[in-house]
Amino acid sequence: MIYDVSIEGTNYRLELEPTTTGWDCRLNGRTIQVNAAIIRPGVMSLLIENKSHEVKREIVAAEFHLWVGNQRYSAELRDPRSLRNRRDGTGTAEGSSKLTAPMPGKVVRLLVNEKDQVEAGQGVVVVEAMKMQNEIKSPKKGIVQKLAAAEGASVNAGDVLAIVE
Amino acid sequence: MIYDVSIEGTNYRLELEPTTTGWDCRLNGRTIQVNAAIIRPGVMSLLIENKSHEVKREIVAAEFHLWVGNQRYSAELRDPRSLRNRRDGTGTAEGSSKLTAPMPGKVVRLLVNEKDQVEAGQGVVVVEAMKMQNEIKSPKKGIVQKLAAAEGASVNAGDVLAIVE
Amino acid sequence: MFKKVLIANRGEIAVRVIRACHELGITAVAVYSDVDRASLHVLKADEAHRIGAAAASESYLNIEKIVDVAERSGADAIHPGYGFRSENAKFARACSEAGVKFIGPTAAAMELMGSKTRARQQMEKAGIPFVPGTSRGLESFEQAEQVAKEIDYPIMLKAAAGGGGKGMRLVRSRDELRTALESAKSEAQRSFGDSEVYIEKAIVSPRHIEMQVLADEHGNTVYLGERECSIQRRHQKVMEEAPSPIVDAAMRRRMGEVAIRVAKAAGYTNAGTVEFLVDRDRNFYFLEMNTRLQVEHPVTELVTGLDLVHLQIRIAAGDRLRFAQEEVNIRGHAIECRIYAEDPDNNYFPSPGKITLLLTPDGPGIRCDSGIYEGWTVPIDYDPLLAKLIGYGTDRDQAISRLVRGLDEYLVGGIKTNIPLFRRILSDQDFQAANLDTGYLDRLLRTNRVSRGDQAADVAAIAAGIFAALDSAQPMRNGIAHESPAAGPRAASTWKRASRIEALRQ
Amino acid sequence: MFKKVLIANRGEIAVRVIRACHELGITAVAVYSDVDRASLHVLKADEAHRIGAAAASESYLNIEKIVDVAERSGADAIHPGYGFRSENAKFARACSEAGVKFIGPTAAAMELMGSKTRARQQMEKAGIPFVPGTSRGLESFEQAEQVAKEIDYPIMLKAAAGGGGKGMRLVRSRDELRTALESAKSEAQRSFGDSEVYIEKAIVSPRHIEMQVLADEHGNTVYLGERECSIQRRHQKVMEEAPSPIVDAAMRRRMGEVAIRVAKAAGYTNAGTVEFLVDRDRNFYFLEMNTRLQVEHPVTELVTGLDLVHLQIRIAAGDRLRFAQEEVNIRGHAIECRIYAEDPDNNYFPSPGKITLLLTPDGPGIRCDSGIYEGWTVPIDYDPLLAKLIGYGTDRDQAISRLVRGLDEYLVGGIKTNIPLFRRILSDQDFQAANLDTGYLDRLLRTNRVSRGDQAADVAAIAAGIFAALDSAQPMRNGIAHESPAAGPRAASTWKRASRIEALRQ
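Residues numbered from 1 in each chain as written. Chains lettered and ligands numbered in written order. Predicted model: local features only at pLDDT ≥ 70, side-chain atom pairs only at ≥ 80, totals over all residues. Heavy atoms only, no water.

*Asks:* Quick question: what am I supposed to make of the packing of aromatic side chains here?
*Replies:* All names here are of chain C. Taken as a whole, this structure holds 14 aromatic pairs over all chains when the rule is applied. Here the aromatic residues Tyr-60, Phe-84 and Tyr-382 are joined through ring pairs into a cluster of three or more. Positioned above the aromatic ring of Phe-141 is the side chain of Arg-178, whose terminal nitrogen or guanidinium carbon lies 4.0 Å from the ring centre. (Phe/Tyr/Trp six-rings, centres within 6.5 Å; stacked < 30°, edge-to-face > 60°. Lys NZ or Arg CZ within 6 Å of the ring centre and 35° of its normal.)

*Asks:* How should I be thinking about the interface of chain A and chain C in this particular structure?
*Replies:* Interface size is often expressed as the accessible area that is lost when the parts come together. Taken together, the contact pairs 61 residues of chain A with 62 residues of chain C. Of all residues in chain A, Ile-38, Arg-57 and Met-130 of chain A bury the most surface against chain C, accounting for 15% of the area lost on that side. Put simply, chain A and chain C have two salt bridges between them. Applying the counting criterion to the chain A and chain C interface returns six residue pairs in polar contact (both at pLDDT 80 or more). Classifying every residue of the side of chain A that touches chain C by side-chain character gives 37 nonpolar, 12 polar and 12 charged. (Contact = heavy atoms within 4.5 Å. Buried area = accessible area lost by both parts, 1.4 Å probe. Salt bridge = Lys/Arg side-chain N within 4 Å of Asp/Glu carboxyl O. Polar contact = N/O pair within 3.5 Å; in protein donor to acceptor, adjacent residues only side chain to side chain. Nonpolar A, V, L, I, M, F, W, Y, C, P; charged D, E, K, R; others polar.)

*Asks:* Help me understand the pairing of strand 2 (residues 10-18) of chain A, please; the structure alone is not making it clear to me.
*Replies:* Residues and elements named next belong to chain A. Pairing of strand 1 (residues 2-7) with strand 2, which is carried by six bridges, proceeds in the antiparallel orientation. Residue Ile-7 lies in a different strand from strand 2, and its bridge partner there is Thr-10. A loop of two residues connects strand 1 with strand 2, the two strands running antiparallel in sequence, and Glu-8 in this loop sits at a positive phi of about 50 degrees. Across five bridges, strand 2 lies against strand 3 (residues 23-27) in antiparallel orientation. Looking at the pairing, Leu-16 lines up with Cys-25 of strand 3. The turn joining strand 2 and strand 3, which pair antiparallel and follow one another in sequence, is formed by four residues; a positive phi near 155 degrees is taken by Gly-22. (Pairing = 2+ DSSP bridges. Helix = DSSP H or I, 4+ residues; strand = E, 2+ residues; numbered from the N terminus.)

*Asks:* Please explain the domain arrangement of chain C as it appears in this structure.
*Replies:* Residue and element names in this part refer to chain C. What the domain assignment reports for chain C is domain 1 (4-103), domain 2 (132-201), domain 3 (204-331), domain 4 (339-449) and domain 5 (456-505). Its C-alpha centre places domain 1 at a distance of 27 Å from the equivalent point of domain 4. The interface is formed by 17 residues belonging to domain 1 together with 13 residues belonging to domain 4. Interface area, domain 1 with domain 4, both sides summed: about 1100 Å², of which 52% is carbon and sulfur. The tally of links between domain 1 and domain 4 comes to one salt bridge. (Domains from an automatic or database assignment.)

*Asks:* What is the right way to look at the sheet that holds strand 13 (residues 284-290) of chain D in this model?
*Replies:* Strands pair in a sheet through their backbones, by hydrogen bonds, and they do so in one of two ways: parallel or antiparallel. Residue and element names in this part refer to chain D. Reading across the sheet, the eight strands line up as 13-12-9-10-11-14-21-19 and stay open at both edges, with antiparallel pairing between neighbours. Single-partner strands in this sheet number two, and they are strand 13 and strand 19 (366-370). The mean inter-strand angle of the sheet, taken between neighbouring strand axes irrespective of direction, is 25 degrees. Both strand 10 (residues 221-233) and strand 11 (residues 236-242) contribute to a ladder of four bridges, which runs antiparallel. Note on strand 11: the bridge partner recorded for Ile-231 is Met-239. (Axes fitted to C-alpha atoms, helices over the stretch in contact; angles between N-to-C directions.)

*Asks:* Sorry, what's going on with the interface of chain B and chain D here?
*Replies:* On the chain D side, the residues contacting the 61 residues of chain B number 64 residues. Surface buried jointly by chain B and chain D totals about 5300 Å² across both partners, of which 66% is contributed by carbon and sulfur atoms. Our enumeration of links across chain B and chain D arrives at two salt bridges. Glu-374 of chain D is the salt-bridge partner of Arg-40 of chain B, the closest N and O atoms lying 2.8 Å from each other. Connecting chain B to chain D are six residue pairs in polar contact (both at pLDDT 80 or more).

What follows is the structure, encoded as structure tokens:
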């Protein structure tokens, strides 16, 4: 099996062959002996040259992370022979001007009006969730082109709250 | 849905109908309001007239047990409309003369010979498992008709070790 | 002793009180809102009653509904936990009117301490040391300006009805005063329905240290040692420890005796906490009294060996304290991490959602008071506190090393938590040297994070491939992953199941 | 301090030592047999090395293989845990020859204490109180008869190389002596490869109480209080507590001082336990010294606030004890339950197999040292100890009530465990009154069990039906089980997954 794996944006070519004692593994051409045991769904014990690693797989929506011990790595994986396309490694360095809700909640206050000038880091909208009021700040200096959410409105994670240009 | 349920050998007729707030339930004709939530596979939160019960389901081979709090109940269940036959409620009060291995292990010693007379409770075979030597005792007075396991033999749970008549 | 106690709360604290009830042979009655039907406290209780919709105002804050359940279920007493109505005198009064014992102080003591300004007046009479400032609400901007000038900047504005940092503003100079006063008042109005605000001298780099007290209904009051609560973010406690690294036996005695005087001046009964601000010269000033069980009570339990919830219940049932002040034996060191559903990489925004994987720590010196389980969905409607991880050790270093170990074992998958924040604090030199004040955490969070070593990225890459290979493997396929022939097929089928489960989860 | 420690063990004790290593910043090296590849200690360690087949003789008992791994992995030290080779002087010697520190006493001290008769001779010289009897192996039946007559029946026959009840026989009269002697000798030969047997006066209704000692390599020796270990089945400890209900401060000091004399007479270093038999008049007699960490060390840790494994490692690394005898502070009460894979309804036969469901207790006063996880298969090849559940409380009653609560939260599904036995003991009046002796448990097990109330049979019947109904339900089916519309579909799909998982499991 051959996989293209991306860990935190760095790409690896991984070749895997099961053996009777584990896996023959070539990582970017380097040969590594690996032994794996599934401990429970999503938790794997990996022995690599006698080093023991507890690896946990976390899948949330389209995202896929691996915890090695206490370190969390974003991961992407593609079988080069499959037709499915890989998504971009790291998020596009968008000069995006959309302010989105980072979590579900309720819009409790608008701190600016449409057409106001805002500074980078200035609060635009306050969203309340889990008893906390969270100020959603403008990522850049600009003009508030649109306030998409009204006070009192419920929003879901990812909903556009405002557009700054 | 109608079920015949046997709990520790006592039979119940259970009628269940889902409602918008839980279940309409008739147990041996008595009407009971029940609300259930699955907490995780095999663990259920049952609210019966505001009493809260943590019920755990344990399935081992053909056996099926329910834990209500810290109490374990053997359970059997039959949909009366299904053709599948229910097994007998409690083990037949057999005058059985087979001695079986209660767990996997190794026969380390035979304490009697074939054709020996044994008393009820007398040790017949010693099986070792998990560093413990366990004497398998005759359930009744009688003659050892057969010793089915040799010293040193590995046995599985349920294997016949000896027959006493 | 009570036969049946209703717990007017949810989450970890409800579970914790239910456990105490069970240990005392008391039937525990839970209440729940619609989104909490499958919550842990409902599962663990002996009885559970639905009290309304998700919004707290419809359920956990609704005094009438809760008292009604207490009456219908025949509960002798109500434990309020913390938060919700735990410090609400009306609730305490409604309980006693319904003939149900409120497990906490009297309504009168709660009312006194609930008003910062009235409390201050009463405590000043009792000779309790205070940070210089007004003990009354400000009547006008001009009065504020005058007082601020007298005690000198920096000053602090605080909501009289407040708590939890709401309605608080630091004012460094006269220029900032007007805006700060207005925003403090409006925040106080919004948060507490009362815009009253007062002024205090701002202590530079203060520590927040609090003293646990316990008073029975027969006039006996003891203190159980202090907690250091200086590690705060947005004026919210994040991490607490006992004892405080700067409090020695003599200072503990002085603070403890002041705390007892506070409690006595308020006619206080049951468990309570006297909060102090401590300056760099270890002078301490009374801040306020919390008239409830604190979130951080476990650190006191671990260093004293006492169970505060058992004691609360016993006191409310009329028992006398069974030990004297000199028998309180503080030993070892305990530190608590408040595990919140919030995203440290995204400005600590709340992170509700489904917990898809949960691995919890245990073993020596680790206590975990938790309100969650794998598969449970953290609702959006309440406080983001999921659990408390508490480390105990012979000394502070051992408590720290055990917490680090415990955090390494802890994984809450599917949502974000502040677990990485605690790793960062615990490995910080200033924290290890106990150089703490209430500004500590904000300073730490402004520094750049040490970039982690990416040594394990190779391991992650290999694991990603093996997870995927096993995903597509046939059950019982030979040669998967195992040196042990016995374990091989088992592991493969285990995996197969795992992948199906995860597929179902998505 | 060591950089890398190899743990020559498996199960809960290996996990416990690995945790201590992590807390001390030490790299932990595990060893495993073929059936233990997926065991918890392998997962938790930093390194893991396969050492052979399932049979302990091929793996955990194989000194050469273990020392070889230590050398290859560059370990500074080896922690032996308990059982396996932990009390084997040859192992200690092989370690030191390989330049690897053995975390325990010297080989010489182990050899001395490993021979009951040599130990007795040495300890008699040091003036340690003994149960009357021979201090040498019996040479003939006639000698046995003679000695037995002198010290008077009942007498006890014991294997000189023994331990754990193997090769022990109670002899009530001369008639029983010959058979008992023969069977004790042959059991001793089988179990220890040494048929030497000696005689002691049998103490009627004795208690088994042991004293924990700790000695550094600089001549400092302290005692850390006693443990009551009278609750035994087949001479195997089942439940232990600290402090002993019958030991007061004066008796503790006397026993502790004798224990220190024992340790000093043996040139003892590191952690060790001096076992005493205590008669009805609270006279105590030296039994033997265990030259290792005991299974039951957590109860001492909880009442002293110390970590014995940390201290073992520090002592082996050459550290001095950092505290004096008078600083040892015993506070509260702790009780341990040894959770075994055995069937209480079937004569306590071992019950290996797959753990299909695991719910573990936590919260205040509960410590769980465990070597298992859900989905793991308990192998047939080793000791059936799965985990230890330890309850701590301000006093004995509270410790008991917390253990009862913890046991109620504990479920190990798929195999049988002795959890129900502990419920029975904890609710027994004699246990609660601390009327204990080494015959206590056998007497309890001979009484008829109180038949349980079947009040919950109705609930079980209803649950059986709902489980089945949900088994056959469609995903997202409306109206399943929920008052909360929000929770409804979620619960249904959760269920659906659950049923599929269970189907896959079968």
